[in-house]
2 protein chains.
Amino acid sequence: MRLTRYFLPVLKETPSEAQIVSHRLMLRAGMIKQAAAGIYSWLPLGFKVLRKLEDIVHEEQQRAGHIPMLMPTLQSADLWRESGRYDDYGEEMLRIKDRHGRDMLYGPTNEELITDIFRSHVGSYKDLPLTLYHVQWKFRDEIRPRFGVMRGREFFMKDGYNFDLTKEAALHAYNRHLVSYLRTYERMGLQAIPMRADGGPIGGDYTHEFLVLAETGESEVFYDSAVTDLSFGDRQIDYDDHAQCAAVLEEFTSKYARTDETHDEALFNEVPEERRRSARGIEVGQIFYFGTKYSEAMGATVQGPDGQVVPVHMGSHGIGVSRLLGAIIEASHDERGIIWPEGVTPFHVGIVNLKQGDAEADAACEALYASLTALGLEPLYDDRDERAGGKFATMDLVGLPWRITVGPRGLKNGVVELTSRRSGESEELPPEEAVQRLVQIYAGRA
Amino acid sequence: MRLTRYFLPVLKETPSEAQIVSHRLMLRAGMIKQAAAGIYSWLPLGFKVLRKLEDIVHEEQQRAGHIPMLMPTLQSADLWRESGRYDDYGEEMLRIKDRHGRDMLYGPTNEELITDIFRSHVGSYKDLPLTLYHVQWKFRDEIRPRFGVMRGREFFMKDGYNFDLTKEAALHAYNRHLVSYLRTYERMGLQAIPMRADGGPIGGDYTHEFLVLAETGESEVFYDSAVTDLSFGDRQIDYDDHAQCAAVLEEFTSKYARTDETHDEALFNEVPEERRRSARGIEVGQIFYFGTKYSEAMGATVQGPDGQVVPVHMGSHGIGVSRLLGAIIEASHDERGIIWPEGVTPFHVGIVNLKQGDAEADAACEALYASLTALGLEPLYDDRDERAGGKFATMDLVGLPWRITVGPRGLKNGVVELTSRRSGESEELPPEEAVQRLVQIYAGRA
């Protein structure tokens with residue numbers, strides 16, 4: 001993309017309404033614009049990252065054998081009366097009357113709707129196991145929305161639901177989700193630690209939250225520092241293998257890691273003192289096993305192999321996709337702006353032309369642009385007629401992990417400059433070598 | 001995808017509530033399920049097609065130089081009061097009060113919100129031309145929703161907005177959209193005829209609707225049969241070239257083609273009698289140029305090259321993405337089910353195993369599955385333990401354009417059967433040749 005043909009309205013001033021760094025940087029980098037309290041328009045750069053995160057979620061969900069679908073944003077109140085949650089949910093549920101006076105709501109989650117779909121179409125154990133998921137806009141009418149997309153009212157979330165014949169099978173689904181979530185977050189450049197959590201209004205005894213450590217996190221967390229040494233890496237997992245998935249759960253959850261909701265001082269004190277940590281964390285996902293809570297209330301049953309009709313065992317599993325943008329920025333920025341991890345960066349590399357209008361510099365930039373594009377990489381070319389300082393500031397703010405700087409002086413020696421946003425280190429090398437270096441960096445994740 | 005691991009709840013009976021064929025077939029093929037009046041859940045097969053249509057729209061919009069972003073579903077009423085449409089819009093607008101009693105609405109369209117974004121960030125002619133678009137869920141509270149996704153209340157729509165300094169530049173944006181829409185519909189296997197239309201509540205003198213001819217269409221249309229001979233084909237277009245885009249508009253709109261709203265009997269009678277046609281059509285898109293209607297009302301101005309501050313010229317452009325599924329099926333089906341055009345089919349080919357459990361047949365199907373997948377094609381493998389008749393009926397209903405039938409008798413002769421859903425013609429050939437044939441068929445559109 002050429003910047004002169006893009007819409008990237010960066011702000012010079014720091015917006016006064018933003019209290020945390022991710023909100024400030026998303027506004028300054030022209031990623032979002034508030035449309036109403038807690039409701040945002042995703043400007044082109046913000047949308048591009050949002051879509052990348054959504055794509056990663058889809059890929060990892062389908063790798064785990066989960067099936068994508070899409071439920072609507074608005075729901076009828078009737079289903080929520082069946083489960084008893086219409087009255088329980090409180091003021092965070094946005095209640096709506098349509099022109100005929102029928103009670104509707106903007107879905108904050110979808111246990112009822114998916115259970116209704118299941119009970120309408122599935123009647124036999126032979127159709128199990130089954131996990132359906134979608135990535136859709138939700139609404140929670142927060143009394144005091146704040147922190148930008150981190151605590152918005154309209155938010156984009158992946159929520160998935162598993163249906164299984166037995167508790168044991170459902171717990172495998174639980175483990176499988178834990179594994180796929182670990183992979184998902186790592187691809188996004190995040191370390192998200194599974195922590196024992198509280199069921200809340202969804203219910204259930206088995207539940208883990210995934211937390212990204214960050215000073216601005218809303219939760220206080222307590223953990224054994226050994227958990228931060230774990231990484232999923234590129235290990236191959238057979239998602240149908242119960243033992244393999246259970247082993248990953250064991251590995252990643254046996255060390256102490258809890259939020260303040262479930263914190264147990266006595267247990268914590270059994271961790272060697274030098275490994276005891278307390279910090280703040282941002283919740284970016286949660287998984288639940290809640291058994292037959294909804295299937296019994298709503299009559300979602302199957303006939304088992306023995307001919308008996310039994311309610312199915314269920315769980316639900318969520319990733320806060322729009323909130324993840326904020327979490328990634330909280331975890332990865334400096335005083336000059338955002339630093340995108342390679343897996344989610346909106347553009348792979350920025351091209352800065354130090355002397356726009358200079359025939360040789362322009363031609364070199366165009367050639368770089370063409371070869372990067374031909375190799376499947378997306379450059380953002382700052383082709384504005386502006387000072388180098390302004391171009392560097394914009395690139396640093398926007399946070400692309402790599403920058404190629406092209407100027408007449410370097411070109412005389414046949415080189416351009418390749419700079420890492422994270423380390424700040426630069427290297428001079430011929431343009432075609434810079435391109436090859438980027439191809440290697442992004443191999444397998446472009 | 002293996003059918004035993006998918007969620008494809010086909011119905012044997014014809015649902016009584018469905019009045020038109022696309023609605024019946026979408027329900028029977030397990031693509032949608034009604035969640036509330038005019039609101040649908042998109043089951044996995046329906047979601048897969050919806051996503052393909054969305055992807056085609058994104059690709060063609062970006063090819064034309066338009067920039068993707070995403071506006072929220074809910075909006076504040078204040079902006080609509082500025083334009084005067086809050087009171088004008090009538091009962092089709094879903095009005096909502098949040099917990100603080102603030103007036104909100106579920107966006108039926110986004111002229112106000114995009115104009116607000118523009119005026120907040122753009123002040124100079126140097127940032128023009130600019131076209132922003134998004135694909136997002138909308139809501140119109142139809143008094144009597146019907147025909148499934150064709151006239152739903154919650155629907156998925158691409159809407160784009162151009163901002164230009166002059167009327168002439170805005171009319172180029174209009175022409176450019178017409179060209180990109182022609183390409184978009186043809187990729188979906190549809191002939192959508194641009195017809196002179198009426199501005200309606202969006203306003204404007206320049207407007208064309210795109211109509212797909214179908215008996216169940218809601219509009220009566222009148223046209224010169226010569227328009228149905230036109231096709232965009234794979235011509236190369238430079239979207240920055242005003243003359244090229246204008247020539248396409250001229251070619252596709254100079255022949256008589258109008259809806260009943262703008263029909264002119266006298267003009268129509270100038271068409272040679274043997275080429276005069278009246279029929280019914282489904283509206284699948286509309287483009288507008290409405291000048292400074294919103295920019296004047298909302299103060300969206302730029303400083304021109306002469307230093308003068310002027311309101312920008314705008315247009316808006318919509319494609320009904322969810323409705324397109326219905327339109328495609330109305331235009332392409334037979335008594336046995338859907339017939340997907342290759343460009344939008346949810347799976348590229350079905351594999352029917354005539355003797356599930358037979359070691360040789362199973363192995364041949366698995367080998368086909370593996371080689372198709374390795375070549376980037378997506379097969380749907382019916383691996384259920386069911387009669388051949390039931391498997392064929394499901395494949396015909398679901399409408400994949402190609403089917404490979406694998407059975408012990410053919411395998412003895414080293415062949416499988418490749419069948420076209422559209423023509424019904426079958427050919428026996430070695431499995432690897434069937435795979436190569438499919439690769440050729442889908443070249444460039446898989």
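Residues numbered from 1 in each chain as written. Chains lettered and ligands numbered in written order. Predicted model: local features only at pLDDT ≥ 70, side-chain atom pairs only at ≥ 80, totals over all residues. Heavy atoms only, no water.

Student: Would you mind showing me how to read the side chain of Arg153(B) here?
Tutor: The residue Arg153(B) is located in the loop between strand S7 (130-139) and strand S8 (154-164) in this model. Using a relative accessible area of 1% as the deciding quantity, one classes Arg153(B) as buried. (Helix = DSSP H or I, 4+ residues; strand = E, 2+ residues; numbered from the N terminus. Buried < 20%, exposed > 50% of the residue type's maximum accessible area, 1.4 Å probe, protein only.)

Student: In this structure, what is going on with the interface of chain B and chain A? I would like to understand it.
Tutor: As a measure of interface size, the accessible area lost when the parts come together is often cited. Contact with chain B, which involves 58 residues of that partner, is made by 58 residues of chain A. Approximately 5,000 Å² of surface area, both sides summed, lies buried where chain B meets chain A, with 61% of it carried by carbon and sulfur atoms. Our enumeration of links across chain B and chain A arrives at twelve salt bridges. At the boundary of chain B and chain A, one finds 20 residue pairs in polar contact (both at pLDDT 80 or more). Sort the elements by how many residues they give to the side of chain B that touches chain A and helix H2 (residues 44-63) of chain B lands first, with seven residues. (Contact = heavy atoms within 4.5 Å. Buried area = accessible area lost by both parts, 1.4 Å probe. Salt bridge = Lys/Arg side-chain N within 4 Å of Asp/Glu carboxyl O. Polar contact = N/O pair within 3.5 Å; in protein donor to acceptor, adjacent residues only side chain to side chain.)

Student: Is there a simple way to explain the domain arrangement of chain A in this structure?
Tutor: Residue and element names in this part refer to chain A. Examined at the domain level, chain A breaks down into domain 1 (3-337) and domain 2 (347-441). Between the C-alpha centres of domain 1 and domain 2 the distance comes to 37 Å. Each side of the interface is counted separately: domain 1 has 15 residues, and domain 2 has 14 residues. Both faces considered, domain 1 and domain 2 share a buried interface measuring about 1,300 Å² in area, 59% of it formed by carbon and sulfur atoms. On the domain 1 side of the contact with domain 2, Leu3, Lys48 and Arg336 bury the most area, a combined 41% of that side's loss. Between Lys48 and Glu378 there is a salt bridge whose closest N-O contact spans 2.6 Å. (Domains from an automatic or database assignment.)

Student: Can you walk me through the sheet that holds strand S20 (residues 379-382) of chain B in this structure?
Tutor: All names here are of chain B. Read from one edge to the other, the open sheet built from five strands follows the order S20-S19-S21-S22-S23, with strand pairing classed as mixed. Here the strands that pair on one side only, and so sit at the sheet edges, are S20 and strand S23 (426-429). Strand-to-strand, the axes of this sheet are offset by a mean angle of 20°, without reference to chain direction. When strand S22 (residues 416-420) meets S23, the two strands line up antiparallel, connected through four bridges. In the strand pairing of S23, Val416 is matched with Leu429. Across the sheet, helix H11 (residues 359-374) is in contact with strand S19 (349-353), S20, strand S21 (402-406) and S22; its angle to S19 comes to roughly 165°. Relative to the sheet, helix H14 (residues 431-441) contacts S19, S21, S22 and S23, its axis offset from that of S23 by approximately 130°. (Pairing = 2+ DSSP bridges. Axes fitted to C-alpha atoms, helices over the stretch in contact; angles between N-to-C directions.)

Student: What am I meant to see in unusual backbone geometry here?
Tutor: Trans peptide bonds make up the majority, and among non-glycine residues the majority have a negative phi. Residues and elements named next belong to chain A. Note the cis peptide between Leu128 and Pro129, where omega equals -5°. Relative to the elements of secondary structure, Pro129 occurs in the loop between helix H5 (111-121) and strand S7 (130-139). Positive phi values are uncommon outside glycine, yet Phe147 reaches one of about 60°. You can see Phe147 is positioned in the loop between S7 and strand S8 (154-164).

Student: Could you clarify how one ought to interpret H11(B) in this entry?
Tutor: The α-helix winds at 3.6 residues per turn, so residues separated by three or four positions along the chain end up facing the same way. All names here are of chain B. End to end, H11 covers 22 Å across 16 residues, agreeing with the expected 22 Å (1.5 Å per residue, within 8%). For H11, the full list of buried residues reads Ala361, Ala364, Cys365, Leu368, Tyr369 and Leu372. Projected down its long axis, H11 carries its buried residues within an arc of 135°, all on one side. Opposite the buried face of H11, by more than 90 degrees, sit the exposed residues Ala359 and Ala374. Against S19, S20, S21, helix H13 (408-412), S22 and H14 lie the buried residues of H11. Count one or two residues on from H11 and you reach Gly376, which has phi positive near 85°. (Expected span 1.5 Å × (residues − 1). Arc of directions from axis to C-beta.)

Student: So what exactly am I meant to see when it comes to the environment of Gly281(A) here?
Tutor: Residue and element names in this part refer to chain A. Of note, Gly281 is situated in strand S13 (residues 276-291). Gly281 sits in the buried class, given a relative accessible area of 0%. For the pair Gly281 and Ala327, spaced 46 residues apart in the sequence, the C-alpha separation amounts to 9.4 Å. In this structure Gly281 touches Leu211, Val212, Leu213, Ala214, Gly217, Glu218, Ser219 and Val221, once residues within four positions along its chain are discounted.

Student: Is there a simple way to explain the relation of the copies chain B and chain A in this structure?
Tutor: Superposing the two chain copies requires a rotation about an axis and a translation along that axis. Superposition of chain B onto chain A requires a rotation of 180° combined with a translation of 0.0 Å along the rotation axis, giving an RMSD of 0.0 Å. In short, the pair behaves as if placed about a two-fold rotation axis. When each C-alpha of chain B is compared by its distance to the rotation axis, Ile96(B) comes out closest, at 3.0 Å. Mapped onto chain A, 100% of the interface residues of chain B are again interface residues, and the two copies thus contact each other with one and the same surface. (Least-squares fit on C-alpha atoms with pLDDT ≥ 70 in both.)

Student: Could you clarify how one ought to interpret the packing of aromatic side chains in this entry?
Tutor: Note on aromatic pairs: each is described by the distance of the centres and the angle between the planes. Under the defined criterion, the tally for this structure stands at 31 aromatic pairs over all chains. Centroid distance Tyr6(B) to Phe347(B): 5.6 Å. Interplanar angle 80°. Geometry classified as edge-to-face. Residue Tyr6(B) is found in the segment before helix H1 (21-28), and its partner Phe347(B) is found in the loop between strand S18 (337-338) and S19; the two are separated by 341 residues along the sequence. Take Tyr6(B) and Phe347(B): they sit in the same class, and that class is buried. Look at Tyr206(B) and Tyr289(B): their rings are 5.5 Å apart centre to centre, the planes differ by 75°, and that puts the pair in the edge-to-face class. Of this pair, Tyr206(B) sits in strand S10 (residues 206-213) while Tyr289(B) is found in strand S13 (residues 276-291), placing the two residues 83 residues apart along the sequence. With a relative accessible area of 34%, Tyr206(B) lands in the partly exposed category. The lysine or arginine in question, Arg2(A), covers the ring of Tyr369(A), its NZ or CZ lying 4.3 Å from the ring centre. Here Arg81(B) stacks its cationic end above the ring of Tyr86(B), 4.7 Å away from the centre of that ring. (Phe/Tyr/Trp six-rings, centres within 6.5 Å; stacked < 30°, edge-to-face > 60°. Lys NZ or Arg CZ within 6 Å of the ring centre and 35° of its normal.)

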